[in-house]
Amino acid sequence: MPPVPDGTVHPFSPGGPSERGLVTYPEKAVAEYRATGYWTGRTLPAELRAAAHEHADRQALITPEVALTYEELFTLAENFAAGLVEATELWPGDAVMFQMGNVAETVVSYLGCLLAGIRPVCTLPQHGVREISVLARHVGARGLILQADFGRGQLPDQARQLMSDGVITEVVVARGPAFGSALTYDALLRVGEVVDSAHLPYHSLSPDQIAVFQLSGGTTGLPKVAPRLHEEYTYNSVAWATTLNWGPGTVALYPLPIMHNAGISVGLQPALLTGATLVLAPTAGIPALLDLIEATRPDALPLVPPALAVRLLEEPRSRQVDLSSIKTFIVGGQKLALETAERLRDVLGISIRQKFGMAEGMFLVTPSDAGEEVRHHTVGSPISPADEIRILHPDGKSEVPDGALGELCVRGPYTIRGYFRAEQHNAAAFTADGFYRTGDLARRRIVDGMAYYSIDGRIKDVINRGVEKIHADEVEELIMRHPDVVNAALVAMPDKVLGERGCAYLVLKPAAAPPTVASLGVFLLGEGLARYKLPERVELIESLPLSNVGKVAKKALREDIAMKLAAEPHV
Ligand code: AMP
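Residues numbered from 1 in each chain as written. Predicted model: local features only at pLDDT ≥ 70, side-chain atom pairs only at ≥ 80, totals over all residues. Heavy atoms only, no water.

Participant: Describe the domain arrangement of the protein chain, with residues and values.
Facilitator: Examined at the domain level, the protein chain breaks down into domain 1 (44-237), domain 2 (284-458) and domain 3 (464-567). Using C-alpha coordinates to define each centre, domain 1 is positioned 28 Å away from domain 2. Between domain 1 and domain 2, the residue contacts involve 20 residues of the former and 19 residues of the latter. Taking both partners together, domain 1 and domain 2 bury about 1,500 Å²; carbon and sulfur atoms supply 63% of that area. (Domains from an automatic or database assignment. Contact = heavy atoms within 4.5 Å. Buried area = accessible area lost by both parts, 1.4 Å probe.)

Participant: I'd like to hear about helix H4 (residues 104-115), residue by residue, with values.
Facilitator: For H4, spanning twelve residues, the distance from its first C-alpha to its last is 17 Å, which sits close to the expected 16 Å at 1.5 Å a residue. In terms of burial, H4 is largely enclosed, as twelve of its twelve residues are buried. Those residues of H4 not exposed but buried are Ala104, Glu105, Thr106, Val107, Val108, Ser109, Tyr110, Leu111, Gly112, Cys113, Leu114 and Leu115. Following H4 by one or two positions, Gly117 adopts a phi angle in the positive range, close to 75°. (Helix = DSSP H or I, 4+ residues; strand = E, 2+ residues; numbered from the N terminus. Expected span 1.5 Å × (residues − 1). Buried < 20%, exposed > 50% of the residue type's maximum accessible area, 1.4 Å probe, protein only.)

Participant: Summarise the site of the ligand; cite the residues concerned and give the values.
Facilitator: The immediate surroundings of the ligand are formed by 15 residues, with Lys355, Ala359, Asp440, Lys460 and Lys469 found nearest. At 2.7 Å, a side-chain N or O of Lys460 approaches an oxygen atom of the ligand. When the ligand is considered free in solution it has 500 Å² of accessible area, and contact with the protein chains removes 90% of it. Sort the elements by how many residues they give to the shell around the ligand and strand E14 (residues 353-358) lands first, with four residues. Along the lines of polarity and charge, the residues of the shell around the ligand split into five nonpolar, five polar and five charged. (Near = heavy atom within 4 Å. Polar contact = N/O pair within 3.5 Å; in protein donor to acceptor, adjacent residues only side chain to side chain. Areas by Shrake-Rupley, 256 points an atom, 1.4 Å probe, with all protein chains shown as cover. Nonpolar A, V, L, I, M, F, W, Y, C, P; charged D, E, K, R; others polar.)

Participant: Kindly report on the side chain of Arg49, identifying the contributing residues and their values.
Facilitator: With respect to the helices, strands and loops of the structure, Arg49 is situated in helix H2 (residues 44-54). Setting aside residues up to four positions removed in sequence, Arg49 forms contacts with Phe74, Glu78, Leu115 and Tyr202.

Participant: Pulling in residues and values, what's your account of the packing of aromatic side chains?
Facilitator: The geometry of an aromatic ring pair is captured by the separation of the ring centres together with the interplanar angle, meaning the angle of the planes. In total, this model carries twelve aromatic pairs according to the counting rule given. A ring pair is formed by Tyr25 and Trp39, whose centres lie 4.9 Å apart and whose planes are at 85°; its orientation type is edge-to-face. Taken as a pair, Tyr25 in the segment before helix H1 (27-35) and Trp39 in the loop between H1 and H2 lie far apart in primary sequence, 14 residues in all. On the basis of relative accessibility, which here comes to 7%, the residue Tyr25 falls in the buried class. Residues Phe80 and Tyr185 carry aromatic rings whose centres are separated by 6.1 Å and whose planes lie at 45° to one another, so their mutual orientation is tilted. Taken as a pair, Phe80 in helix H3 (residues 70-87) and Tyr185 in helix H7 (residues 185-193) lie far apart in primary sequence, 105 residues in all. (Phe/Tyr/Trp six-rings, centres within 6.5 Å; stacked < 30°, edge-to-face > 60°.)

Participant: With reference to specific residues and values, describe the pairing of strand E11 (residues 277-280).
Facilitator: The side-chain alternation of E11 yields two buried faces, one formed by Thr277 and Val279 and the other by Leu278 and Leu280. Strand direction decides the pairing type here: strand E1 (residues 59-62) and E11, joined by two bridges, are parallel. Bridging across to E11, Leu61 finds its partner in Leu278. Between the parallel elements strand E10 (residues 251-254) and E11, the chain passes through helix H9 (residues 261-272) in a crossover that is right-handed. (Pairing = 2+ DSSP bridges. Right-handed = clockwise from strand over helix to strand, strands pointing away.)

Participant: Break down the packing of H2 against H4 for me, citing the residues and quoting the values.
Facilitator: At a minimum axis distance of 8 Å, the contact between H2 and H4 shows a crossing angle of 120°. Judged by the inter-axis angle, H2 sits oblique to H4. The two elements H2 and H4 cross, and the hand of that crossing is left-handed. For the pair H2 and H4, the contacting residues are Leu44, Pro45, Leu48 and Arg49 in the first and Tyr110, Leu111, Leu114 and Leu115 in the second. (Axes fitted to C-alpha atoms, helices over the stretch in contact; angles between N-to-C directions. Parallel < 35°, antiparallel > 145°, perpendicular 65-115°, else oblique. Left-handed = near helix turned anticlockwise from the far one by under 90°.)

Participant: Which residues make up the environment of Glu89, and what are the values?
Facilitator: One can find Glu89 in the loop between H3 and strand E3 (95-99). Here the alpha-carbon distance between Glu89 and Leu364, two residues 275 residues apart in the chain, equals 41 Å.

Participant: Run through the sheet that holds strand E20 (residues 450-458), naming residues and quoting values.
Facilitator: For sheets, the rule is that strands pair by backbone hydrogen bonds, running either parallel or antiparallel. If you trace the four strands from one edge of the open sheet to the other, you get E17-E18-E19-E20, paired in antiparallel fashion. On the outer flanks of this sheet lie strand E17 (388-392) and E20, each paired with one strand and no other. Across the sheet, the mean angle separating the axes of adjacent strands is 50° when strand polarity is ignored. One ladder, built from four bridges, connects strand E18 (residues 406-411) with strand E19 (residues 436-447); its direction is antiparallel. When the sheet's bridge partners are listed, Val410 is paired in E19 with Tyr436.

See below:
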């Protein structure tokens with residue numbers, strides 16, 4: 001880490017360059033959250049380090065490759081942090097992009113960054129050069145931590161491109177073959193071993209600063225990035241762990257990508273803050289998941305997307321594996337079909353709970369002891385007594401009565417008050433008194449005198465493909481660069497397993513050859529779109545239908561494709 005040049009403000013000082021563009025909590029709310037003890041006045045790395053001291057000999061992390069105690073995991077993380085400080089030009093307050101899969105090195109690097117005062121940006125290994133560039137520029141990230149052996153091994157080439165474009169200046173290969181001038185994981189750990197880790201930068205952080213950047217929107221236009229602050233992000237994880245009764249002895253198996261808000265705040269942090277064991281599945285594949293269930297006998301699967309639950313039901317081996325250790329099986333991230341909940345109960349003997357959550361904060365979950373009316377039909381109630389929910393009328397001002405559909409708007413001790421450096425988005429996405437407009441349609445339902453919420457639709461233009469979000473405007477903007485396309489609309493088409501997939505309606509230039517799904521995909525990959533966002537069906541149309549206010553009538557297109565699919569023979 002280079003010294004701070006004379007006369008410049010240290011980037012990590014409150015209000016310094018790296019904090020510019022941060023909309024934070026009003027003083028009154030901060031005072032209240034601290035007075036009630038929800039916020040502790042300590043930083044995320046300080047809390048994680050304290051938990052690791054307390055539970056030193058317990059199992060912290062299990063993957064199919066390694067098992068690490070808290071002592072072992074945090075020694076690695078401290079060495080990684082000390083190595084980052086010593087061997088890179090990164091300063092505390094800098095941000096680093098992550099392109100890592102579900103491997104132990106990801107957990108070590110994430111913790112290492114926090115201990116070095118460096119902010120992880122939870123980007124995915126599936127993101128392309130364009131997406132990483134846009135996001136890195138937006139948050140001011142100069143570093144990249146990558147897994148060189150991820151997928152088809154494409155990440156080193158991407159990293160070279162990002163370096164030659166001048167977007168990224170520091171690359172750490174946290175796993176896989178070394179390349180060029182990139183630092184390797186082993187080299188960083190070796191450097192770290194000879195540095196005094198007692199003086200790591202996290203000691204001088206302040207709890208009201210940004211700890212981690214989470215992603216929300218797409219990457220065209222102005223990105224939506226959720227700045228998660230030390231105190232509130234810690235509380236989010238602690239509140240979740242408390243709600244689920246986690247502590248020493250709990251074994252939590254996480255089957256989804258860990259470098260995502262859900263992975264961090266439903267799995268990694270709640271486990272490591274409470275002395276529990278995190279089991280990380282390498283992929284969301286059912287055979288690997290069943291192997292890990294047999295090997296580790298988990299108590300909790302804290303987030304299973306409906307698509308994974310359906311695959312679990314379809315796999316005959318699920319009936320042979322002993323699932324009896326699993327006391328908590330939480331389905332979330334997407335609307336759950338009632339049929340799936342009932343089949344999990346009847347076929348596998350699993351009594352589900354449901355969860356709603358998002359990168360911006362707010363988690364809801366159904367109580368473990370609630371009846372099926374609540375567990376099968378709602379996503380429960382918020383996890384903190386200080387969480388506030390309003391179901392707003394489309395006018396955005398008044399609340400709708402109980403049972404009526406309206407926009408879910410939320411505020412509380414771990415829900416952001418604004419996206420990072422996004423004044424324009426913030427004006428539309430938050431009410432004047434700081435409630436986040438989720439863009440989800442919900443109802444408040446009273447059951448036995450208690451309030452629960454169900455998610456019954458969406459206003460925002462997003463496709464939820466097996467919990468991976470595809471922002472229609474991002475894909476449409478890139479499709480519009482196609483030389484044969486005059487106009488385009490991406491809409492959700494129903495899918496039995498993934499819930500939704502993207503269907504592109506295209507208006508072509510006269511006499512243009514119609515693109516196929518494959519040729520459009522090649523074009524969009526070339527434009528830097530991540531593979532999981534590619535349209536999976538193309539429909540040609542003479543002109544896009546418009547609503548009476550002149551917007552593309554996507555509802556009509558969704559109905560059109562749903563009807564076409566229903567009329568087609570099932571394969
Ligand atoms: P993300 O920020 O990627 O976690 O996505 C958050 C969004 O996922 C929410 O705003 C909802 O649209 C959707 N979502 C999350 N959980 C559920 C759920 N249980 N039911 C329906 N939609 C959900």
